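Here is what each chain is made of, one letter per residue.
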Amino acid sequence: MWFFARDPVRDFPFELSQDPPEGGPPGPWVLHRGRKKATGSPVSIFVYDVKPGADEQTQVAKAAFKRLKTLRHPNILAYIDGLETDKCLHVVTEAVTPLGMYLKERAEAGGLKELELSWGLHQIVKALSFLVNDCSLIHNNICMAAVFVDRAGEWKLGGLDYMYSAQGNGGGPPRKGVPELEQYDPPELADGSGRAVREKWSADMWRLGCLIWEVFNGPLPRAAALRNPGKIPKSLVPHYCELVGANPKVRPNPARFLQNCRAPGGFMNNRFVETNLFLEEIQIKEPAEKQKFFQELSKSLDSFPEDFCRHRVLPQLLTAFEFGNAGAVVLTPLFKVGKFLNAEEYQQKIIPVVVKMFSSTDRAMRIRLLQQMEQFIQYLDEPTVNTQIFPHVVHGFLDTNPAIREQTVKSMLLLAPKLNEANLNVELMKHFARLQAKDEQGPIRCNTTVCLGKIGSYLNASTRHRVLTSAFSRATKDPFAPSRVAGVLGFAATHNLYSMNDCAHKILPVLCGLTVDPEKSVRDQAFKAIRSFLSKLESVSEDPTQLAEVEKDVHAASSPGMGGAAASWAGWAVTGVSSLTSKLIRAHPTAAPAEPNIPQRPTPEGLPALAPTLVPATSTTSGHWETQEESTDTAEDSSAADRWDDEDWGSLEEAESVLAQQEDWSTGGQASRGGQALPLHLQTSNVDPKSPESDWSSWEAEGSWEQGWQEPSPPEPPPEGTRLASEYNWGGSEPSDKGDPFAAMSARREAGTQLRPDSWGDDNWEGLETESRQGKAELARKKREERRREMEAKRAEKKAAKGPMKLGTRKLD
């Protein structure tokens, strides 16, 4: 029977790469790149080939192998595995690059910043302090060749070949036998006796000074060059001079050297070093300290090295979220670091955390996720969005916090292209219908209309036909003026999705009603939209062959390209509705005094009614539309062009802070608390004496967009005393105290709303099933009431027939 010896090198779980060796410290070791066979993860492999007659070098190599295997410190080269045979020694460590090669590569790319150098030297000094003060070991080989850099930019101390004990155990220092290393020996060792050494760290601190000189000035030509600091920073020069002083007694202990450099104004006293030190001890920090650290981290990440952010900060952020309950504060730095990752790394490291965050009930985390969705939406695939993210996001539509509802609406712009048929055309439309019908915040209703106009091209043909016309028509009846503007612009932006019949019979009648709107901005956009729709109809009338081309998108499948076409065609109508809410919230114009006979509009629900002194300068007087100058309108129209796709939506946060300082709106014409002026959309005229519920009765019922458009009901007769337009002297010099005909029309329309609470029945989105359930419940309630009254009447008749009971008698029946 034959037995074959196994090759230990072949069975070793690590293998050398085919790349040429990267060198290594001066001596017998050669540094190779390698990888683990099982996982392919990169490693570094130091190889020593045993040669005949080199027994002394072999013993030094074996001693280094043993030292590296037993020493564990974050700033010392990390040992992974090793192989020792009669022919070679293999030492496997974490993947590193020699410091000299690393500095050369970074110099070609622009050089290292002082922040990186300060932290690198801090790590080497800390490792040296560990060896000297904790282990009583003398490294005896501090130089550029003994320092390595990992993928995160962390400096590691290696080159343990000539290490010996400071206590004298095991003999004195081994002989180096390498001329390149002898130039780093301190002058007191020149005689070879070593009697002048007074402190165990003196020689290593001299060599540390040589290393500092080489880091800033390049390879050390001779020991005399140490007298000239060269490019060493001024804040480090005094401490450097202590290291290379001729008297070994004045050379500081490594721990003392760190303390001096960390003093105020010192070379190592900076934000980068402080961040690294905190990350090293983050596991033992208090939760409050972690919260503060992550909140301030985002400001510093821009000045930190990219490799440090990817390999040092990112793992700590992921760990803090996974196990440390850090919460929403990690989101901002997490997404900032995510910009340095490629698509594959982002999918592996960031997306699983994001998906888990969406299931959180923490409101702060949810709103920050929605605000920063643009940074990670491109890395989310459709199955993940529809099954793991969208079901959690839709809860924001029902949240009691207006800011979350607003951000949820805005996020649909990014999610809509990735939603499936059911989520987009059914679930999302149901929530949009409820928000537009029942939400008490005007900006949210406005943004819902804006969002619907932007995602209209993604809806299927049947949903577009059923939803868009009804939704935008409803928006034009909103008491909040920007919502009415959004409804007009929604029609314009989705113009290519309507048939000519819909344009003539459904859209133009709605737009014509807005030509007498009390708000000039609404009237202006209505006139522009009417002219464009009429132009479109006229072109088809002149050339009927264009009908197929004009209506090509009406029955087409959903396509992202349609939205761009709509925006280009309706460029005239684009006034930046996406940023309209922002402008209305943040603008604080000076209000003009109220004019007599101003048409009164009901105050939007949830907004305070103000004194007449805060009424904006938008009132109309007889014989003219507005007090605004025509040049101002023209400038606004030109600057607002092509802004439908602006990203600035505006936020409710500032509006909420203003609302919190106002009296309840139901108190009627009271001034704001403290006399503070409100944003433009909060400056309203005095409310009518009628109850606010009658103004909003048509918004109470939740419904859908399935009923579509119905013919408008015949107009109500004007109130008594109202002058008709034909009776008004349009061109004469009639006194200015008489009312505007459009104000009279507005008052007539509001009166109709008050007298007929179901005036929005034309756009009633209540489903038949809901109406049936409500009817049955009402009928049952009436029957119970009638039964109760009958029973009470019978008891009363019985009591009256018998008369009063005598004292002491017993009731037999």
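The residue numbering used here restarts from 1 in each chain and proceeds along that chain's sequence as written. Note on the predicted model: pLDDT of at least 70 is required for a residue's local features to be given, and 80 or more for side-chain atom pairs to be given and counted; whole-chain, interface and lining totals, by contrast, use all residues. To obtain the side-chain values, all non-hydrogen atoms of the structure were used and water was disregarded.

K.L.:
Please explain the packing of aromatic side chains as it appears in this structure.
P.N.:
Given two aromatic rings, one states the distance between the centres and the angle between the planes to describe the pair. What counts as a ring pair is set by centres within 6.5 Å for rings of Phe, Tyr and Trp (its six-membered ring), and what kind of pair is set by the plane angle: stacked under 30 degrees, edge-to-face over 60, tilted for all other angles. Scanning all chains against the criterion turns up 16 aromatic pairs. Taking 6.1 Å as the distance between ring centres and 40 degrees as the angle between the ring planes, the aromatic pair formed by Phe 65 and Tyr 79 counts as tilted. Pair noted here: Phe 65 is in helix H2 (residues 55-70) and Tyr 79 is in strand E4 (residues 79-84), with a separation of 14 residues, a long-range link. Just as Phe 65 is buried, Tyr 79 falls in that class too. Plain terms: the ring middles of Phe 397 and Phe 432 are 6.0 Å apart, the flat faces sit at 90 degrees to each other, and that makes the pair edge-to-face. Highlighted residues: Phe 397 in the loop between helix H16 (382-393) and helix H17 (402-415) and Phe 432 in helix H18 (residues 421-438), separated in sequence by 35 residues. An identical accessibility class is assigned to Phe 397 and Phe 432; each is buried. Taken together, the aromatic side chains of Phe 272, Phe 304 and Phe 308 make up a single cluster linked through ring pairs. Numbering goes from the N terminus for both helices and strands, where a helix is a DSSP run of H or I of at least four residues and a strand is a run of E of at least two. Whether a residue is buried, partly exposed or exposed follows from its accessible area with a 1.4 Å probe, protein chains only, as a fraction of its type maximum: under 20%, in between, or over 50%, in that order.

K.L.:
In this structure, what is going on with the sheet that holds strand E6 (residues 96-98)? I would like to understand it.
P.N.:
Strands in a sheet are paired, the pairing made by backbone hydrogen bonds, and the direction either parallel or antiparallel. A pair of strands counts as paired when DSSP detects no fewer than two bridges linking them. Here we have 3 strands laid out as an open sheet, ordered E6-E8-E9, and antiparallel in their pairing. Each edge of the open sheet is held by one strand with a lone partner, namely E6 and strand E9 (155-157). Taken over all neighbouring pairs, the strand axes of this sheet differ in orientation by 40 degrees on average, direction set aside. Bridge analysis of strand E8 (residues 147-150) against E9 gives 3 bridges, and the strand direction is antiparallel. Across the sheet, residue Val 149 finds its bridge partner in E9, namely Trp 155. Here, two residues are considered to be in contact whenever any of their heavy atoms come within 4.5 Å of each other. Between N-to-C directions, angles cover 0 to 180 degrees, with each direction set by a line fitted to C-alpha atoms, over the stretch in contact for helices. Helix-sheet contacts for helix H4 (residues 114-134) involve E8 and E9, and the interaxial angle to E9 is about 25 degrees.

K.L.:
What is the right way to look at unusual backbone geometry in this model?
P.N.:
Of all residues except glycine, most have a negative phi; of all peptide bonds, most are trans. With a phi angle near 55 degrees, Ser 136 is a residue other than glycine that sits in the positive phi range. Inspection of the secondary structure puts Ser 136 in the loop between H4 and strand E7 (137-138). The class of Ser 136 is buried, set by a relative accessible area of 14%. Non-glycine residue Asn 140 carries a positive phi angle of around 70 degrees.

K.L.:
Would you take a moment to explain the pairing of E8 for this structure?
P.N.:
Put simply, side chains in a regular strand alternate between the two faces of the sheet. Alternating positions in E8 separate into two faces, Val 147 and Val 149 on one and Phe 148 and Asp 150 on the other, with burial throughout. As judged from the 3 bridges shared by E6 and E8, these two strands associate in the antiparallel manner. Its bridge partner being in E8, Thr 97 is matched across the sheet by Val 149.

K.L.:
What exactly am I supposed to notice about the sheet that holds strand E1 (residues 14-16) here?
P.N.:
Spatially, the 5 strands line up as an open sheet ordered E1-E2-E3-E5-E4, and their pairing is antiparallel. Bordering the open sheet on either side are E1 and E4, each of which pairs with just one other strand. Looking at each pair of strands side by side, their axes are set apart by 30 degrees on average, direction ignored. Sheet topology note: the E1/strand E2 (residues 30-36) ladder contains 3 bridges and is antiparallel. Following the sheet pairing, Glu 15 is matched in E2 by Arg 35.

K.L.:
Which parts of the structure should I look at to understand helix H8 (residues 254-261)?
P.N.:
Regarding H8, the residues found buried are Pro 254, Phe 257, Leu 258, Asn 260 and Cys 261. In a view along the axis of H8, the buried residues occupy a sector of 160 degrees, so they form one face of it. Looking at the buried side of H8, the elements it contacts are H4, helix H6 (202-217) and helix H7 (237-243). Two or three places before Ala 255, at the start of H8, stands the capping residue Asn 253, its side-chain oxygen 2.9 Å from that residue's backbone nitrogen. Arc, as used here, means the arc of the directions from the helix axis to the C-beta atoms. Here a polar contact is recorded for every N or O atom pair within 3.5 Å, except that within protein the pair must consist of a potential hydrogen donor and a potential acceptor, and residues adjacent in sequence are included only if both atoms are side-chain atoms.

K.L.:
Honestly, the side chain of Asp 502 in this entry has me stumped. Any pointers?
P.N.:
The topology assignment puts Asp 502 in helix H22 (residues 500-513). Those residues in contact with Asp 502, other than ones at most four positions away along the chain, are His 465 and Ile 507.

K.L.:
Whenever I open this one, the pairing of strand E5 (residues 88-94) confuses me. Can you help?
P.N.:
Within E5, 7 of the 7 residues are buried, leaving the element largely enclosed by the surrounding structure. Two strands pair when backbone bridges link them, and strand E3 (residues 42-49) and E5 are joined in this way by 7 bridges, in the antiparallel orientation. Residue pairing across strands places Tyr 48 opposite Leu 89, the latter belonging to E5. Here E4 runs beside E5; their pairing, made up of 5 bridges, is antiparallel. Its bridge partner lying in E5, Leu 83 is registered against His 90.

K.L.:
Just to check I follow, could you spell out the packing of H4 against H6 for this structure?
P.N.:
How two helices pack is summed up by the angle between their axes together with the distance between the axes. In the contact formed by H4 and H6, the axes pass within 12 Å of each other and the chain directions differ by 165 degrees. Relative to H6, the element H4 is oriented roughly antiparallel. The two elements H4 and H6 meet at a crossing, and its hand is right-handed. Counted together, Leu 117, Leu 121, Ile 124, Val 125, Leu 128 and Val 132 of H4 and Asp 204, Met 205, Leu 208, Leu 211, Ile 212, Val 215 and Phe 216 of H6 form the full contact between these two elements. Gly is put with the polar residues, along with every residue not named as nonpolar or charged; the nonpolar set is Ala, Val, Leu, Ile, Met, Phe, Trp, Tyr, Cys and Pro, and the charged set is Asp, Glu, Lys and Arg. Its residues placed into classes, the contact of H4 with H6 shows 12 nonpolar, no polar and 1 charged. Orientation labels follow simple angle bins: below 35 degrees gives roughly parallel, above 145 gives roughly antiparallel, 65 to 115 gives roughly perpendicular, and whatever is left gives oblique. Crossing handedness follows the turn of the near helix against the far one: under a right angle anticlockwise gives a left-handed crossing, and clockwise gives a right-handed one.

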